[in-house]
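Structural features, examined
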Protein chains: 2
Amino acid sequence: MPSSRPLRADARRNREALLTAAREAFLTGDADAHVEEIARRAGVAVGTLYRHFETREALVEEVYRQEVAELCAAPARLLAQYAPDEAVHRFLLLLVEHSAVGKGMSEALESIMATDSPVFDDARAEMAHALDELLAAGVAAGAIRDGVSGRVLLRALGGICGMRAKGWEDDAVRITTILYDGLRSGR
Amino acid sequence: MPSSRPLRADARRNREALLTAAREAFLTGDADAHVEEIARRAGVAVGTLYRHFETREALVEEVYRQEVAELCAAPARLLAQYAPDEAVHRFLLLLVEHSAVGKGMSEALESIMATDSPVFDDARAEMAHALDELLAAGVAAGAIRDGVSGRVLLRALGGICGMRAKGWEDDAVRITTILYDGLRSGR
DNA sequence: ACACAAACGGAGCCGGACTCACCTTATGGG
DNA sequence: CCCATAAGGTGAGTCCGGCTCCGTTTGTGT
């Protein structure tokens, strides 16, 4: 259904502007910028925002989806470059680092990983699948314990990404290491 | 300042009724019950609710605080009854179990553990302190790795408690076990 | 150029948190 | 026991933010 008609030029431009404006708003701190504000930043009226996105939530989700897609590309790349268990370790740390781009985006990731909103199911499935690959490779190499699904690990990571206090990065790295050691200890 | 005057009898009753109504509302699922609804359940008007609690959030916080206080009593009890590392393990599982009382309360716990809202600082500090005791006992007994603070572990637990999908309990138990193994592996 | 569907703008609607001016009642001193 | 009085209760009304609706503008295919 992506081709019910190619979308008029100005419409495409506005849609893009809205997504950019929203992403910037979230990155610069306030994850609950008003729709008016986002529309203003994009140089359009609220009505236009609602022509492109069903609800405010839908817009937020779209921004999240793009961010997640980027993260999902990582596992394959890491597996090609490192030994399986090293790849797992690096991915965990990458995730922590990535969620550091801003409070807004970190909230986004947390939502994706912790909620049951049907809208995020795809993103979660994709993420879980990417993690499954990583873990499977680790198990095959005898470096990672068996019986841990990507979905389970994803849950744990959700908690890590939700951290936002000052000095949270140190905490995140520490928890990540604990998890990693835990994954190896039962192998 | 808890004694600017003993609070009139009906006032105390209403305050209690509001807390009870709110707790029940959260336990029975909808964590975002409207203030009107909560007031109605308590048999008072919204104005009365706002006489006792600055904002809706403040009411929610008070309910959380009570729940957390209950959890904070657990570590001391467990330490008196079990070996340190066993106490840690049991507390982790207790936490999971406790957050199962309902989606509403589980959201509450997640908030307490994941946010930086100054209002929750006390609860977090208390919780972290309780965990510190547990961990310290474990370290002293040589059963737990050193260098993990209660605060850090609390973060990890926040993620676990935030899980709400069907079958989340199995996931939670599994993650908890991984964490536990991780805590022991570096000793 | 023209027609016309597609897209835009923005005043206004609506629901939910919160306020305030006025009424009710517990309580303690006479 | 009763009254004065201040603590407490009430709920219609305000405010604010997400969302809608329809009249106007504009890109596009002929």
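Rules used in this analysis
Within each chain, residue numbers correspond to sequence positions counted from 1 in written order. Chain labels run from A onward and ligand labels from 1 onward, assigned in the order the entries are written. In keeping with the predicted nature of the model, local features appear solely for residues at pLDDT of at least 70, side-chain atom pairs appear and are counted solely at 80 or more, and the whole-chain, interface and lining totals rest on all residues. Water and hydrogen atoms were dropped before computing side-chain values, which therefore reflect all heavy atoms in the structure. Proximity is defined per residue: if any heavy atom of the residue lies within 4 Å of a molecule or strand, that residue is considered near it. Contacts described as polar in this section are N or O atom pairs within 3.5 Å, which, within protein, must combine one atom able to donate a hydrogen with one able to accept it, while residues neighboring in sequence count only if both atoms come from side chains. Working definition: with a 1.4 Å probe on protein chains only, accessible area under 20% of the residue-type maximum means buried, over 50% means exposed, and in between means partly exposed. Going along the chain from the N terminus, every DSSP run of H or I of four or more residues is numbered as a helix, and every run of E of two or more is numbered as a strand. The reported arc concerns the directions from the helix axis to the C-beta atoms and nothing else. In what follows, residue pairs with any heavy atoms lying within 4.5 Å of each other are defined as contacts. Gly falls in the polar group here, along with every residue not listed as nonpolar (Ala, Val, Leu, Ile, Met, Phe, Trp, Tyr, Cys, Pro) or charged (Asp, Glu, Lys, Arg).

Our focus in this paragraph is the protein's contact with DNA strand D. The environment of DNA strand D is made up of 21 residues, and the closest members are Tyr50 and Arg56 of chain A together with Arg8, Asn14 and Thr48 of chain B. Counting only the atoms of DNA strand D within 4 Å of the protein, the fraction contributed by sugar and phosphate is 68%. Within the contact set of DNA strand D, a sugar or linking oxygen lies 3.3 Å away from a side-chain nitrogen or oxygen of Arg8 of chain A. Within the contact set of DNA strand D, a phosphate oxygen lies 3.5 Å away from a side-chain nitrogen or oxygen of His52 of chain B.

Turn by turn, an α-helix covers 3.6 residues, leaving residues three or four places apart pointing in a common direction. Residue and element names in this part refer to chain B. When we look at burial in helix H2 (residues 35-42), the residues that qualify are Val35, Ile38, Ala39 and Ala42. For H2, the arc enclosing every buried residue in end-on projection is 100 degrees, short of the 170-degree limit, so these residues lie on one face. Those residues of H2 that are exposed and angled more than 90 degrees off the buried face are Glu36 and Arg40. Those residues of H2 that are buried are in contact with helix H1 (9-27), helix H3 (46-52) and helix H4 (56-72).

Right, let's talk about the protein's contact with DNA strand C for a bit. Around DNA strand C sit 21 residues, and of these Arg8, Asn14, Ala45 and Thr48 of chain A together with Arg56 of chain B come closest. Near the protein, within 4 Å, the atoms of DNA strand C are sugar or phosphate in 68% of cases. Take Arg8 of chain A: an N or O atom from its side chain is 2.8 Å from a base nitrogen of DNA strand C. Tyr50 of chain B is positioned with one of its side-chain polar atoms (N or O) 3.0 Å from a phosphate oxygen of DNA strand C. Put simply, the parts of the chain that give the surface near DNA strand C at least two residues each are helix H1 (9-27) and helix H3 (46-52) of chain A together with H1 and H3 of chain B. For the surface near DNA strand C, the element with the highest residue contribution is H3 of chain A, accounting for 5 residues. Residue composition of the surface near DNA strand C, by class: 9 nonpolar, 6 polar and 6 charged.

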